[in-house]
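These are the residues of each chain, in order.
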Amino acid sequence: MEPLLGVVLALILAVASAANDSCTCATNKWAVCAQDGPGNCTCRLAGSDHPLDCSTLTSKCFLMKAETMPLKEKRLWRPPHGRLDTDGLYNPDCEESGAFKARQCNQSSTCWCVNTAGVRRTEKGGRSLSCSELVRTRWIYIELTHKRSSNAFHVPDVTKAMRQLFESRYKLSPKYIAAVKYDPPLIQIRLHQDKKPSWDVDIADVAYYFEKDVNNDSVFYSNSKLSVSVNGDAVAIEKLWIYYVDEKAPEFCMRQLAAGISAVVTVVLLTAGIGIAVLLILRWLRTRTYKKFECKEMRE
């Protein structure tokens, strides 16, 4: 009887373990998931009680907040071989919806205004800085270069492969992929989204996921390496640039612009002054040489 009881307990533990292993968030490796009941898996954002929808991408604001958590706290649920890249990161303030708050501040009471992609669009100020609205990023330009391949890629094939990548891996609706251009080895992808319905992913989130994938720091739970291929031939991405264009122009202070212009004018004037001085000195030297030569001839 005891051996039979042991087998039953082992089976129960195996089933429970399998259930826990399957309770993960496919789109967020920093999510904390728990089995609430049979077939019910609930995932929350690391370090908070905010529930996550793991059928879609996590907002960039929530991701950045999870990334900037102390390593000691994150180590409890980090997936194997996961790593933290803190370059250019800050700990953002997020709305309940996952959007960035218009004003962001750091621990030293320095504040600035951001767009919907979390990118600073004003100069930094103090706590008194006011950001009246969260300005939408309507356009995102992605440029990347790839390594030379033994087989030449054709423009239609590259365009099709990049569109399929963004639609399948990042769940981006094709209507937001405005254009894909290819001029070897440069690939240009233009995303355009005037407004984001609640059921669609934000192009800023897509760009962030793609950037993390290219940097071999995938946000997906599987931590699978990004694989881009054209007709079976791998496309090895070398460099990546992402540009954000807002619906309103950035509001950087004109004092900085004026200071920059003043510095340029000063350099130009100094260069011109030095040039004129050199010309005058050379002219004086030539005149002096001529006079000496003339005096010498007169003496002779």
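Note: the structure precedes this text.
Below, the structure is looked at part by part. Remember, it's a predicted structure, so these values are computed and weren't measured experimentally.

The final tally for this structure, using the stated rule, is seven aromatic pairs. Centroid distance W139 to Y141: 6.2 Å. Interplanar angle 20 degrees. Geometry classified as stacked. Under the relative-accessibility criterion, W139 is labelled partly exposed at 23%. The interplanar angle of 35 degrees and the centroid separation of 6.3 Å between the aromatic rings of Y170 and F220 together place this pair among those described as tilted. With Y170 in the loop between α4 (155-168) and β6 (177-183) and F220 in the loop between α5 (203-214) and β8 (229-230), this pair connects stretches of sequence that are 50 residues apart. Comparing Y170 with F220, the two get one shared label, buried. The rings of F166, Y170, Y209, F210 and F220 are connected pair by pair, giving a single aromatic cluster.

Taken in spatial order, the four strands make up an open sheet running β6-β7-β5-β10, and their pairing is antiparallel. Each edge of the open sheet carries a strand with a single partner, namely β6 and β10 (237-246). Within this sheet the neighbouring strands show an average axis-to-axis angle of 15 degrees, counted without direction. Relative to strand β7 (residues 186-192), strand β5 (residues 137-146) runs antiparallel, the two sharing seven bridges. Note on β7: the bridge partner recorded for Y141 is R190.

Right, let's talk about the layout of surface pockets for a bit. By volume, the largest pocket is sized at about 600 Å³. Taken together, 29 residues form the lining of the largest pocket, with L57, S59, S97, K196 and D205 sitting closest to its centre. Within the residue set of the lining of the largest pocket, elements represented by two or more residues are α2 (60-67) and α5. At three residues, α2 tops the list of elements feeding residues into the lining of the largest pocket.

In this structure, L144 sits in strand β5. When its relative accessible area of 1% is taken as the criterion, L144 is described as buried.

About the criteria used
Residues numbered from 1 in each chain as written. Predicted model: local features only at pLDDT ≥ 70, side-chain atom pairs only at ≥ 80, totals over all residues. Heavy atoms only, no water. Phe/Tyr/Trp six-rings, centres within 6.5 Å; stacked < 30°, edge-to-face > 60°. Buried < 20%, exposed > 50% of the residue type's maximum accessible area, 1.4 Å probe, protein only. Helix = DSSP H or I, 4+ residues; strand = E, 2+ residues; numbered from the N terminus. Pairing = 2+ DSSP bridges. Axes fitted to C-alpha atoms, helices over the stretch in contact; angles between N-to-C directions. 1 Å grid on protein atoms, 1.4 Å probe; cavity = no way out; pocket = protein on both sides within 12 Å on 5 of 7 lines; lining within 4 Å. Points joined across faces, edges and corners; volume = space filled by probe spheres on them.

Keep in mind that these numbers describe shape and distance, not what the molecule does.
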